[in-house]
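Given next are the chains, with one letter for each unit.
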Amino acid sequence: MSPDLPLLFAERAGDYRAGIHHCTAAELREVLARLLSAASRVVIPPGLPQEWIDGLTVPLLLDGASPAGPAGSGAAAPITGLTAADLDAPGVSVLTGCAVAIAETGTIVLDAGAGQGRRLLTLVPDHHVCVVRDAQVVADVPDMITALPDPTRPLTMISGPSATSDIELNRVEGVHGPRRLDIVCVH
Amino acid sequence: MSRELPIVAGEAFAEAARRELGDAQLRANLGRATRTIRDKRARVVAEVPDWEALRDRAAAVKDDVIARLPKLLTQFEQAVTAAGATVHHARDAAQANAIVTELVRAEQADQVVKIKSMATQEIGLNEALEAAGITPIETDLAELIVQLADDTPSHILVPAIHYNRSQIRELFARRMPGFTAASDEPAVLAGAAREYLRRTFLAAKVAVCGANFAVAETGSLVIVESEGNGRMCLTLPETLIAVVGVEKLLPRFADLGDFLRLLPRSSTGERMNPYTSIFTGVTPGDGPRRLHVVLLDNGRTTVAQDPVGRAALRCIRCSACLNVCPVYERAGGHAYGSVYPGPIGAILSPQLTGQDAGFNRTLPYASTLCGACYDVCPVKINIPEILIHLRQTGPKPAAERAAMASLSWVMRDRRRWRLALRAARTGSAPLRALTRRRGGTLHRAPWPLSAWTRHRDAPLPAAETFRDWWRRTHES
Amino acid sequence: MRIALFVTCLNDALFPRAGIATVTVLERLGHTVSFPQAQSCCGQMHANTGYAAPARTLERLTEQAFAGHDVIVSPSGSCVAHLRAHTSLPVYELSELLIDVLGVTDVGATFPHRVTYHPTCHGLRVLRLADRPETLLRAVRGLELIDLPEADQCCGFGGTFALKNSDVSAAMVTDKCRNATATGADYLAAADNSCLSHIGGALARHPAAPTPIHYAEILASTGPAS
């Protein structure tokens, strides 16, 4: 992997108005706490690393059982299957990791694996915070395809917040998906 | 005006274009929008050093799909069935509409949410559902605009390209319940659509989608979108019905690598569109419980028999050819009388439904053969070549046929040609004398040349032809 | 070098000056030009209007007329493109011949005027002439070359398109005329008299518009235009 890829990824994701935050593994807890401090609730998919959650001060909503084992947090009781209405409540944020990230296009790819959860979780809330580690960044789309552990899982490629080009062919951010996307790049 | 299918021209292109040309607002909107997207596309394509190699590979993959269509369809059907989906085959629009209507009825739903899909527009699915008492709700912003305006789409990617922001604001104020915004900022208008549709999404039981790609190897379907309305439809309702043209297949999952680089850059001029969903059958606990895939032929296997015309089936509906077409830019999408407008529409509509249907035979002539479409096509469809092929195989007016025959009779004999040149020169001598003062061109001429002189002066035969000059200067 | 001229039917009948200019330039450079009398039309008009059989006849006759010639030149981009696609003739557009085959960029011309150049669609996107014609024009003494805005846009000719879709064609050429006039040039040059007859016919109705001219005529010129 080229050492430039994570930087290119961050630059390209920023081009499409994702909020970009750089930190070390040691600083991650603090960065996440800050980004999520204004949320009314934070949705947590199964399998999210415990240390990402530990610093959060807002109420958590744990979704379902983890394919990689129980969520194992003492901070809140697991709720099996959050409903769309739960996720649609005002001020809800969702925190996830990703399967792969693509440098050329600034894209994060979720495959419903551990720490990512069902597709609905990253769709209905208005704010999505995604953690990307350097080692997850690949060069381009073809490399992403080969890096996927299982292409038949439900895949979502996300490049910036929800947007439309339907009015005068000018891109504007914020339609049906999350209107804010924050990407935390862990170096 | 009644039409067989929304891909049959109901009027001669020249007539429709003349009417649309009269709409100054439309021309201003189209000119601004197509210029914006042309420039964006050029910028992001220039970033990709191996763009030409990508185009070549993608064209070869699609040609392989067209050549092995039955085999790949079987492979796709087996894979997606194994992944929990139910496959249906529709020979034509009527069958596809009947299948979808029946599936929606079985869910006892009286409305469906829809992802923008050219295949469902091609078959007139919305009209068929409405006739069955089912309300289709378009959730793509541009489709919503067109639906609220009781209008028809005029662009493949941006069906409401013929509207500008202030027209959209007025439309929302009139037709969208609860809309009160005074601003026509696109962000405000998009926000209004979000509010308007959110409750609908949360309550929807059945969704209908198309597919940008269908992978034979894995049975995966791919939906490329921007707004998130697609993701809503793909994950919230219990039942999902995908109407997929058979040419959407790709042999291998790895083929997506090239196509997902080509499509967004060609269509919206972005490195990548905001959201791409790839799903394989049904996943317990995530998304719909039931997935139906309706594989639509509707003329495609017939097109696949034509060795020249079949390249049109490579099309991935990016609409780059519309945005660079000087004819589309001026006439607009409605002039083509089909949900497939522009250069690709001019070769797709007449092939899918036949040149004898409606005024389809006029579409292959709706081009100057300038080649801009071929240059930008991500799958290298030689659109000018297919336009000429369709002209050569399509019906033609008797008078023109006779004129062309006599012209070629004159031209294929050296003596006849020389005499004809001389006759033209002699016959036009009085006109040359009359027009000398204004540069020797003709201001007004009788039919059929009046079609020329209505807009421009016509040249007159020269006082001395080239071959007479040559004889005088080089053979004496 | 011995060079055969395919003058094209349109130039023969309506615009002989483009053919005469081509001969003048090549003879001035010391080459021998021949004019096979059996030539008429390459078949492009028939083919593009939808008449394949007569087009094929004319293509074959053109092939026969030029049999045995190693280098053929034509002052028409679209006809060259058609012959290249449908025959095996070694045919070059004038700027290709001058630059690629003869290795010449300065043809010894003088033309003390302001000129803007319209790269026709076939020259631009089929033959890929790139900046060859402009390279030749830049070497002309006294000539000031002015960029044409939106130069790559089609003029709206398109053969019978100009008749069958007259209104769209007119809308296109109106924009071309506006851009050409905005340059303030004295002349609008191009490598194809079919497009020039269309643009020129429209320019004739615009006051203060540049005069249409085939670029071969500029290359043949040795002084101010008369």
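Residues numbered from 1 in each chain as written. Chains lettered and ligands numbered in written order. Predicted model: local features only at pLDDT ≥ 70, side-chain atom pairs only at ≥ 80, totals over all residues. Heavy atoms only, no water.

- The name recorded for chain C in an unreviewed UniProt entry is Fe-S oxidoreductase, from Catellatospora bangladeshensis.

- Chain B appears in an unreviewed UniProt entry as Iron-sulfur cluster-binding protein from Catellatospora bangladeshensis.

### Overview of the sheet that holds strand β6 (residues 100-102) of chain A
Pairing between the strands of a sheet is mediated by backbone hydrogen bonds and can be parallel or antiparallel.
Here is step 1 of the chain: The strand order across the open sheet formed by eight strands is β9(A)-β6(A)-β7(A)-β10(A)-β9(B)-β6(B)-β5(B)-β8(B), and the pairing between neighbours is mixed. Looking at which strands have only one partner, the edges of the open sheet turn out to be β9 (137-138) of chain A together with β8 (249-250) of chain B.
Here is step 2 of the chain: Both strand β6 (residues 220-225) of chain B and strand β9 (residues 275-280) of chain B contribute to a ladder of six bridges, which runs antiparallel. The residue bridging Leu221(B) from the neighbouring strand is Phe279(B), located in β9(B). (Pairing = 2+ DSSP bridges. Helix = DSSP H or I, 4+ residues; strand = E, 2+ residues; numbered from the N terminus.)

### Focus on the UniProt feature "domain: LUD" (unreviewed entry) in chain B
Here is step 1 of the chain: Here the UniProt-annotated "domain: LUD" (unreviewed entry) positions come out as residues 74-296 of chain B.
Here is step 2 of the chain: With 41% helix and 22% strand, residues 74-296 of chain B has end C-alpha atoms that lie 14 Å from one another. (UniProt positions renumbered as here; feature names shortened; annotations may be inferred.)

### Let's talk about the environment of Leu295(B)
All names here are of chain B.
Here is step 1 of the chain: Structurally, Leu 295 can be placed in strand β10 (residues 290-296).
Here is step 2 of the chain: Separated by 204 residues in the primary sequence, Leu 295 and Arg 91 place their C-alpha atoms 8.4 Å from one another.
Here is step 3 of the chain: Setting aside chain neighbours within four positions, we find Leu 295 in contact with Leu 73, Phe 76, Val 87, His 88, His 89, Ala 90, Val 244 and Val 246. (Contact = heavy atoms within 4.5 Å.)

### Comments concerning the interface of chain B and chain C
By convention, interface size is frequently given as the accessible area that disappears when the constituent parts associate.
Here is step 1 of the chain: Tallying the contact residues gives 60 residues for chain B and 61 residues for chain C.
Here is step 2 of the chain: The contact between chain B and chain C buries some 5300 Å² in all, and 60% of this surface belongs to carbon and sulfur atoms.
Here is step 3 of the chain: Counting the surface chain B buries against chain C, the share from its top three residues, Met404(B), Arg456(B) and Phe466(B), is 13%.
Here is step 4 of the chain: Summed over the shared surface of chain B and chain C, the number is eight salt bridges. (Buried area = accessible area lost by both parts, 1.4 Å probe. Salt bridge = Lys/Arg side-chain N within 4 Å of Asp/Glu carboxyl O.)

### A look at the interface of chain A and chain B
Here is step 1 of the chain: Taken together, the 50 residues of chain A in the interface contact 63 residues of chain B.
Here is step 2 of the chain: Taken together, the two surfaces of chain A and chain B that pack against each other cover about 4900 Å², and 57% of this comes from carbon and sulfur.
Here is step 3 of the chain: Taking the shortest distance from any N to any O, the salt bridge between Arg198(B) and Asp88(A) comes out at 2.8 Å.
Here is step 4 of the chain: Between chain A and chain B we count 26 residue pairs in polar contact (both at pLDDT 80 or more) in total.
Here is step 5 of the chain: Secondary-structure elements contributing two or more residues to the side of chain A that touches chain B are α1 (5-15), α5 (141-147), β10 (155-158) and β11 (163-164) of chain A. (Polar contact = N/O pair within 3.5 Å; in protein donor to acceptor, adjacent residues only side chain to side chain.)

### A short note on the packing of aromatic side chains
Here is step 1 of the chain: Taken as a whole and judged by the stated rule, the model has 13 aromatic pairs over all chains.
Here is step 2 of the chain: Their ring planes at 55 degrees and their centres at 4.8 Å tell us that Phe13(B) and Tyr336(B) sit as a pair that is tilted. With Phe13(B) in helix α1 (residues 13-21) and Tyr336(B) in the loop between α15 (326-331) and α16 (342-353), the pair connects residues that are 323 residues apart, well separated along the chain.
Here is step 3 of the chain: Note that Arg171(A) overlies the ring of Tyr16(A), its terminal NZ or CZ placed 4.2 Å from the centroid.
Here is step 4 of the chain: Between Lys164(C) and the ring centre of Tyr365(B), over which it is positioned, the NZ or CZ distance is 4.4 Å. (Phe/Tyr/Trp six-rings, centres within 6.5 Å; stacked < 30°, edge-to-face > 60°. Lys NZ or Arg CZ within 6 Å of the ring centre and 35° of its normal.)

### Quick notes on the UniProt feature "domain: Cysteine-rich" (unreviewed entry) in chain C
All names here are of chain C.
Here is step 1 of the chain: The UniProt record marks residues 3-84 and 115-199 with the feature "domain: Cysteine-rich" (unreviewed entry), using the residue numbering of this structure.
Here is step 2 of the chain: Helix makes up 56% of residues 3-84 and strand makes up 11%, while its end C-alpha atoms are separated by 17 Å.
Here is step 3 of the chain: With 48% helix and 12% strand, residues 115-199 has its two end C-alpha atoms placed 15 Å apart.

### Quick look at the domain arrangement of chain B
Here is step 1 of the chain: Splitting chain B by domain gives domain 1 (13-301) and domain 2 (398-474).
Here is step 2 of the chain: If you average the C-alpha positions of domain 1 of chain B and of domain 2 of chain B, the two centres end up 52 Å apart. (Domains from an automatic or database assignment.)

### Quick look at the packing of helix α9 (residues 165-175) of chain B against helix α10 (residues 186-203) of chain B
Residue and element names in this part refer to chain B.
Here is step 1 of the chain: Where α9 meets α10, the closest approach of the two axes is 10 Å, and the angle between their N-to-C directions is 30 degrees. In terms of their interaxial angle, α9 and α10 are classed as roughly parallel. The handedness of the crossing between α9 and α10 is left-handed. Contacts between α9 and α10 pair Arg 165, Ile 168, Arg 169 and Phe 172 from the former with Pro 186, Leu 189 and Ala 192 from the latter.
Here is step 2 of the chain: Along the lines of polarity and charge, the residues of the contact of α9 with α10 split into five nonpolar, no polar and two charged. (Axes fitted to C-alpha atoms, helices over the stretch in contact; angles between N-to-C directions. Parallel < 35°, antiparallel > 145°, perpendicular 65-115°, else oblique. Left-handed = near helix turned anticlockwise from the far one by under 90°. Nonpolar A, V, L, I, M, F, W, Y, C, P; charged D, E, K, R; others polar.)

### Observations concerning the pattern of salt bridges
Here is step 1 of the chain: By the definition in use, this model includes 55 salt bridges over all chains.
Here is step 2 of the chain: A salt bridge links Glu173(A) to Arg17(A), with the nearest nitrogen and oxygen atoms 2.9 Å apart. Of this pair, Glu173(A) sits in strand β12 (residues 172-173) while Arg17(A) sits in the loop between α1 and β1 (19-23); the two residues are 156 residues apart in sequence, bridging distant segments of the chain.
Here is step 3 of the chain: A relative accessible area of 19% means that Glu173(A) is categorised as buried.
Here is step 4 of the chain: Taking the relative accessible area as the measure of exposure, Arg17(A) reaches 57% and is therefore exposed.
Here is step 5 of the chain: Here Asp375(B) and Arg128(C) are joined by a salt bridge, their closest N and O atoms 2.7 Å apart. Taken together, the positions of Asp375(B) in helix α17 (residues 372-376) and Arg128(C) in the loop between α7 (121-126) and α8 (132-138) put the pair across two chains.
Here is step 6 of the chain: Through salt bridges with shared partners, a single ionic network connects Asp15(A), Glu104(A), Glu47(B), Asp50(B), Arg261(B), Arg265(B) and Arg271(B). (Buried < 20%, exposed > 50% of the residue type's maximum accessible area, 1.4 Å probe, protein only.)

### Here we look at unusual backbone geometry
Here is step 1 of the chain: In this model, Ala112(A) sits at a positive phi of 65 degrees, which is unusual for a non-glycine residue.
Here is step 2 of the chain: The residue Ala112(A) is located in the loop between β7 (107-110) and β8 (127-133) in this model.

### A word on the sheet that holds strand β1 (residues 86-90) of chain B
Residue and element names in this part refer to chain B.
Here is step 1 of the chain: An order of β1-β10-β7-β4-β2-β3 is seen for the six strands of this open sheet, with the pairing classed as parallel. Each edge of the open sheet is held by one strand with a lone partner, namely β1 and β3 (135-138). When the angles between neighbouring strand axes are averaged without regard to direction, this sheet yields 25 degrees.
Here is step 2 of the chain: In the packing of helix α5 (residues 93-106) onto the sheet, the strands contacted are β1, β2 (111-114), β4 (206-209), β7 (239-245) and β10, and the crossing angle to β1 comes to about 145 degrees.

### A short note on the arrangement of the chains
Here is step 1 of the chain: Ranking the two pairs of chains in contact by contact count places chains B and C at the top.
Here is step 2 of the chain: One thing to see here is that chain A and chain C don't touch, and their nearest C-alpha atoms sit 20 Å from each other.

### Observations concerning the state of the cysteines
Here is step 1 of the chain: A full pass over the atoms with the stated rule returns zero disulfides over all chains.
Here is step 2 of the chain: The thiol of Cys370(B) is unpaired, and the distance to the nearest cysteine sulfur, on Cys121(C), comes to 4.6 Å.
Here is step 3 of the chain: This cysteine, Cys377(B), is not joined by any disulfide, and Cys318(B) carries the nearest cysteine sulfur, 6.3 Å off. (Disulfide = S-S within 2.5 Å.)

### Thoughts on the nonpolar core
Here is step 1 of the chain: Counting 113 residues, the largest nonpolar core has Met144(A), Phe13(B), Leu256(B) and Ile381(B) as its most contacted members.
Here is step 2 of the chain: What Phe13(B) contacts, discounting residues up to four positions off in sequence, is Val327(B), Ala331(B), Ala335(B), Tyr336(B), Thr362(B), Leu363(B), Ala366(B), Asn165(C) and Val168(C).
Here is step 3 of the chain: Listed in part, the 65 residues of the second largest apolar core include Val146(B), Met232(B), Phe279(B) and Val293(B). (Core = buried A, V, L, I, M, F, W, Y, C linked by side-chain atoms within 4.5 Å.)

### Concerning the domain arrangement of chain C
Residues and elements named next belong to chain C.
Here is step 1 of the chain: Under the domain assignment, chain C is made up of domain 1 (2-101) and domain 2 (114-220).
Here is step 2 of the chain: The straight-line distance from the C-alpha centre of domain 1 to that of domain 2 is 21 Å.
Here is step 3 of the chain: Taken together, the contact pairs 26 residues of domain 1 with 21 residues of domain 2.
Here is step 4 of the chain: Of the roughly 1900 Å² buried at the junction of domain 1 and domain 2 (both faces included), carbon and sulfur atoms supply 63%.
Here is step 5 of the chain: Remark: the boundary between domain 1 and domain 2 carries two salt bridges.

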